[in-house]
Amino acid sequence: MAIAPDALSTLAPGDTDAQETQEWLEALRGVVEREGAERAYYLIDRLIDEAREDGIDIPYSANTAYINTIPVAQQPNYPGDADLELRIHAYIRWNAMAMVVRANKHSNVGGHIASFASAAALYDVGFSHFWHVASADHGGDLIFFQGHSVPGVYARAFLLGRLSEDQLDHFRREVDGRGIASYPHPWLMPDFWQFPTVSMGLGPLQAIYQARFMKYLHSRGFIDAGEGRNGRKVWAFLGDGETDEVESLGAIGMAAREKLDNLIFVINCNLQRLDGPVRGNGKIIQDLEGEFRGAGWNVIKLIWGTHWDALFARDKKGLLKKRMLELVDGDYQTFKAKNGAYVREHFFNTPELRALVADWTDDDIWQLNRGGHDLFKIFAAYDAAVNHRGKPTVILAKTIKGYGMGQAGEAMNISHQQKKMDAEAIRRFRDRFDLPVSDEQIEQVPYLRFAEDSPEAKYLHARRQALGGYLPQRRRSAAPLEIPPLSAFDGLLKASGEGREISTTMAVVRIFNILLKDRQIGRRVVPIVPDESRTFGMEGMFRQVGIWSQEGQKYLPQDHDQLMFYKESKDGQILQEGINEAGAMADWIAAATAYSVHGEAMIPFYICYSMFGPQRTFDLYWAAGDQRARGFLIGGTAGRTTLNGEGLQHQDGHSPVLTGLIPNCISYDPSFAYEVAVIIHDGLRRMFVEQEDVFYYLTAMNENYEHPEMPAGAEADILRGMYLFRKGLAADGKKAAPRVQLLGSGTIFREVIAAAALLKQDWGVDADLWGCPGLAQLARDGNAVQRWNLLHPLEKPRRSHVELCLDDTRGPVIAATDHVRLFAEQIRPFIHRRYVTLGTDGFGRSDTRERLRHFFEVDRHWVTIAALKALADEGCIKHSIVAEAITRYGIDVDKPNPLSV
């Protein structure tokens with residue numbers, strides 16, 4: 001269609017026929033009006049497909065206009081009393097601010113005001129209309145609260161009578177037991193908080209895997225998660241700055257692939273990080289829309305509030321949309337730090353835009369609100385999210401950081417760190433939200449509460465009762481399980497037999513199989529592995545219990561004709577996470593907290609390369625401790641010298657040191673199958689019968705060797721961490737031979753046993769052998785004993801288990817492990833004689849196990865030399881014997897220190 005020359009100047013870039021363009025647009029509007037948006041979407045989609053088939057390059061765009069996803073015409077009616085709710089919200093805002101300000105008047109304990117100020121309405125709508133508590137009618141929703149917003153959660157709990165004024169006054173003052181936690185901490189508030197979230201990025205990641213595990217439990221018949229609007233949901237609140245953390249977005253592709261329509265992210269887009277703008281030169285909402293939509297999520301943009309609706313209705317040319325899209329977040333932040341006159345001049349910056357607000361005052365312009373502060377827009381977004389099927393949903397809510405704080409921090413770069421407000425700022429806050437605080441009370445910043453018979457108080461309670469009860473809340477226990485007796489593991493308590501070599505990893509897998517077949521708890525066992533099943537000898541479980549998949553197995557596996565073929569099924573038990581240790585750990589946490597979250601005790605076993613466990617995902621290990629997880633973590637291929645061919649990045653010499661730092665993690669480094677069996681059985685008892693809030697970390701090695709029978713009566717001492725494996729032979733003749741005490745754990749204990757033979761055979765030295773699978777437990781016991789003795793100076797001193805074991809022995813003590821020296825050094829304070837430790841300090845490398853153990857100076861010859869040197873230093877033998885042993889065993893005295901190469 002031809003175009004007049006004088007019309008060319010009005011064409012949009014790339015448009016060669018404005019009239020034809022207009023006709024297409026009018027046709028589209030006609031379809032929308034007559035047949036609806038879905039039909040229009042279908043036609044556009046078909047046109048794009050047809051164009052691509054004809055070879056036209058049409059790049060995919062995941063971005064939409066910078067407006068609300070839900071148009072005004074599609075907003076549902078608001079079900080609540082908005083005026084009453086706004087009054088309640090004002091009290092909550094005030095109390096949240098007051099709590100932080102009062103806490104910082106006479107201390108430096110901190111607290112955050114601005115984050116909740118920006119997100120208050122987002123939480124209030126959820127509390128009032130969406131979030132269910134576990135009850136007879138509903139399994140309960142899971143809410144991951146953003147850590148920096150907890151003052152608002154406490155403020156609401158205070159209005160409901162769940163927290164006292166004294167508790168609020170002891171915000172962040174927990175030592176005396178009167179206060180409340182700085183952030184969501186289940187360990188410190190076990191009846192209140194469910195999930196720890198302030199280590200940013202972990203909340204979003206865990207929320208995804210909690211939603212997935214909910215699907216797992218539902219498909220396996222443990223829970224009824226429901227469907228659609230009335231189904232159980234997982235809600236995760238996070239800040240736009242938090243999405244910079246790789247964990248925040250790292251698993252969103254999995255969430256879409258798994259069709260987790262029970263998952264809702266609410267991202268509070270106040271456009272600010274902790275120090276300044278998130279995307280000052282860009283648009284964080286547009287960036288996140290592209291990432292989530294591209295990953296396959298349902299995206300709801302909640303940008304503009306109700307006051308903008310009239311302007312959009314006036315704007316017939318799309319000038320507002322164009323202006324909104326061309327501005328960057330740095331501009332939007334500045335607008336809200338100024339005033340209405342500034343916005344008129346700098347936002348409405350053309351004659352056409354100024355005309356839209358010509359009859360508005362500067363105050364009218366200043367009242368133009370953002371969607372994340374508008375109850376009606378928020379409700380519409382939440383309602384759409386809970387009704388969406390087939391995909392997870394993300395709500396991108398635009399807010400103002402420090403909303404209501406005025407010059408004390410509203411939309412300012414300093415907002416996040418604001419913990420104090422002067423009297424004038426507090427007065428303005430009061431006036432803005434029309435609160436009943438007199439000028440004389442401003443300095444005291446009093447807490448506000450509604451009378452019990454007030455409409456507001458009744459409404460608050462009624463809304464929560466309609467949703468099942470009060471949030472947040474956490475259950476502490478589930479029904480105890482009936483575990484098998486220790487005798488169920490008899491095959492592991494006895495010697496493996498001559499020539500029958502297994503690894504401790506194989507022992508762990510055998511225990512898996514025994515438990516999976518147990519009639520009482522077998523279906524509750526959750527094996528978790530990050531794509532290394534065959535490495536750990538678990539492939540037999542594929543056919544036995546299957547790999548869980550919501551879709552089952554739609555393909556014929558390549559190895560279907562083999563005995564141990566790859567099998568996925570809708571009711572499978574194994575969770576296989578791919579090459580993803582963080583995801584597998586989040587899986588484990590979901591299973592390990594199921595007793596609390598779902599009221600169903602599950603028994604998770606997560607096994608991975610130990611180097612990629614605590615070292616790679618320690619933040620999640622720590623979070624597991626905080627949320628009182630229960631289950632078993634297996635550090636496979638542990639030790640610096642057992643994974644001999646993999647080299648520096650794979651060889652672990654420190655995971656038991658790391659896990660020993662977590663107060664409720666019970667850490668062991670076993671050498672033999674019977675130790676593994678005793679420890680796991682005790683863990684089952686403590687966690688799932690006695691319901692202790694502990695979890696276990698066990699190392700497991702991939703080295704095969706014969707396993708002896710458990711020494712008689714050793715069970716209790718194995719659990720304490722140290723037991724007598726074998727008493728040294730009595731000295732020949734009348735004169736007692738020199739004697740040493742040899743301690744070991746993991747595979748290096750076998751080198752220690754061999755060293756005892758060398759000492760006797762080559763040098764006439766007797767050695768008592770002590771298995772020490774629980775060095776971390778020995779250290780905790782010893783420290784507890786020392787503390788008791790310190791505080792009870794007039795009473796008979798107690799003795800640590802190490803002291804009791806060594807009490808009737810003589811000679812220096814030598815300890816060797818496949819871990820860094822610090823591991824064995826933990827018990828030095830409780831050994832009141834010469835103590836020598838050997839360990840694998842330094843970077844790993846590839847070679848044979850024999851050469852690696854010599855390199856790291858932990859093999860039988862180094863243990864022997866260390867024992868002889870200790871005896872010589874005590875005057876029991878001559879130092880020349882040590883020199884002779886060095887020569888006999890071919891030790892290079894100029895060998896470099898392994899820590900330095």
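Since the structure is predicted, the reported quantities are computational estimates derived from the model, not experimental observations. (Residues numbered from 1 in each chain as written. Predicted model: local features only at pLDDT ≥ 70, side-chain atom pairs only at ≥ 80, totals over all residues. Heavy atoms only, no water.)

1. Remarks on the confidence of the model for the protein chain
Inclusion rule: pLDDT gives the predictor's per-residue confidence on a scale running from 0 to 100. Contacts between residues were defined by any pair of non-hydrogen atoms, one from each residue, lying within 4.5 Å.
Mean pLDDT over the protein chain works out to 92, with 96% of the residues at or above the 70 mark. Here residues 1-10 scores under 50 on pLDDT; set against residues more than four positions off or in separate chains, the count is nine contacts.

2. A few points about the pattern of salt bridges
Put simply, the rule is: The term salt bridge refers to a pairing of a side-chain nitrogen on Lys or Arg with a carboxyl oxygen on Asp or Glu at a separation within 4 Å. Between buried and exposed lies partly exposed: a residue is buried under 20% and exposed over 50% of the maximum accessible area for its type, with that area taken using a 1.4 Å probe on protein chains only.
If you walk through the whole model with that rule in mind, you get 53 salt bridges. Across the pair arginine 430 and aspartate 439 runs a salt bridge, and its minimum N-O distance is 2.6 Å. On the basis of relative accessible area, arginine 430 is assigned to the buried category, the value being 9%. Across the pair arginine 828 and glutamate 825 runs a salt bridge, and its minimum N-O distance is 2.7 Å. A residue is classified by how much of its surface remains accessible, and glutamate 825, at 25% relative accessible area, is partly exposed. The network of salt bridges with shared partners includes Glu424, Arg427, Arg428, Arg430, Asp431 and Asp439.

3. So, the packing of aromatic side chains
For clarity, the cut-off: Any pair of Phe, Tyr and Trp rings, taking the six-membered ring for Trp, is counted once the centres come within 6.5 Å. Such a pair is stacked with planes under 30 degrees apart, edge-to-face with planes over 60 apart, and tilted for the rest. In this text, helices come from DSSP runs of H or I with a minimum length of four residues, and strands from runs of E with a minimum of two, each type numbered from the N-terminal end. Definition used: whenever NZ (Lys) or CZ (Arg) falls within 6 Å of the ring centre and also within 35 degrees of the ring normal, the charge is taken to sit over that ring.
On inspection of all chains with the given rule, the structure shows 58 aromatic pairs. On the numbers, 5.9 Å between centres and 55 degrees between planes, the contact of tryptophan 304 with tyrosine 332 is tilted. Highlighted residues: tryptophan 304 in the loop between strand 4 (298-302) and helix 11 (309-314) and tyrosine 332 in helix 13 (residues 329-336), separated in sequence by 28 residues. Taken individually, tryptophan 304 and tyrosine 332 each receive the classification buried, so the pair is uniform in this respect. Both rings, one in phenylalanine 335 and one in phenylalanine 347, keep their centres 6.0 Å apart while their planes meet at 85 degrees; by these two values the pair is edge-to-face. Of this pair, phenylalanine 335 sits in helix 13 while phenylalanine 347 sits in the loop between helix 14 (340-346) and helix 15 (351-356); the two residues are 12 residues apart in sequence, bridging distant segments of the chain. By relative accessible area, phenylalanine 335 is classed as buried at 8%. Residue classification places phenylalanine 347 among the buried positions, given a relative accessible area of 2%. Lysine 338 extends its terminal NZ or CZ atom over the ring of tyrosine 342, reaching a point 5.6 Å from the ring centre.

4. What to know about helix 34 (residues 860-873)
Here is the rule: In this analysis, the expected span of each helix is defined as 1.5 Å times one less than the number of residues it contains. Here a polar contact is recorded for every N or O atom pair within 3.5 Å, except that within protein the pair must consist of a potential hydrogen donor and a potential acceptor, and residues adjacent in sequence are included only if both atoms are side-chain atoms.
Here helix 34 spans 20 Å end to end across 14 residues, near enough to the 20 Å set by a 1.5 Å rise per residue. For helix 34, the buried fraction is high: 10 of the 14 residues fall into the buried class. Of the positions making up helix 34, those classed as buried are Trp862, Val863, Thr864, Ile865, Ala866, Ala867, Leu868, Ala870, Leu871 and Ala872. Against the buried residues of helix 34 lie strand 15 (739-744), helix 29 (748-763), strand 17 (813-816), strand 18 (835-838), helix 33 (849-855) and helix 35 (879-888). Sitting at the amino-terminal end of helix 34 is aspartate 859, which places a side-chain oxygen 3.2 Å from the backbone nitrogen of histidine 861. Just past helix 34, the residue glycine 875 takes up positive phi, approximately 80 degrees.

5. Let's talk about the pairing of strand 15
For clarity, the cut-off: Pairing between two strands is assigned when DSSP locates at least 2 bridges connecting them.
The buried count for strand 15 comes to six of six residues, which makes it a mostly enclosed element. Here strand 15 shows no split at all, with Arg739, Gln741 and Leu743 on one side and Val740, Leu742 and Gly744 on the other all buried. Where strand 15 meets strand 16 (residues 766-771), six bridges bridge the pair, whose relative direction is parallel. Looking at the pairing, leucine 743 lines up with tryptophan 770 of strand 16.

6. Notes on a negative patch on the surface
To keep it simple, the criterion reads: Here a patch means residues that are over 30% exposed by relative accessible area and free of salt bridges, tied together within 9 Å if like-charged and within 5 Å if nonpolar (Val, Leu, Ile, Met, Phe, Trp, Tyr). Each accessible area is a Shrake-Rupley result for a 1.4 Å probe, and residues are judged covered by the shown protein chains and nothing else. Under the counting rule used here, the positive set is Lys and Arg, the negative set is Asp and Glu, and His together with the chain ends is not counted. Where a charge lies is defined by one atom per residue type: Lys uses NZ, Arg uses CZ, Asp uses CG and Glu uses CD.
Side chains of Asp45, Asp49, Glu50, Glu53 and Asp54 sit close together on the surface and give a patch of like negative charge. Examined against the element boundaries, aspartate 49 turns out to sit in helix 2 (residues 37-53). On the accessibility criterion, aspartate 49 (31% relative accessible area) is partly exposed.

7. Here's the deal with the packing of helix 3 (residues 82-103) against helix 5 (residues 150-159)
Operational definition: Interaxial angles span 0 to 180 degrees and are taken between N-to-C directions of axes, which are lines fitted to C-alpha atoms, for helices over the stretch in contact. Crossings are classed by handedness, with left-handed meaning an anticlockwise turn of the near helix from the far one by less than a right angle and right-handed meaning a clockwise turn. Just so you know the grouping, Ala, Val, Leu, Ile, Met, Phe, Trp, Tyr, Cys and Pro go in nonpolar, Asp, Glu, Lys and Arg go in charged, and all remaining residues, Gly too, go in polar.
Packing of helix 3 against helix 5 leaves a shortest axis separation of 8 Å and a crossing angle of 120 degrees. Regarding helix 3 and helix 5, the two cross each other, and that crossing is right-handed. Residues Ile88, His89, Tyr91, Ile92, Asn95, Ala96, Met99 and Val100 of helix 3 pack against Pro151, Gly152, Tyr154, Ala155, Arg156, Phe158 and Leu159 of helix 5. Considering only residue class, the contact of helix 3 with helix 5 consists of 11 nonpolar, three polar and one charged.

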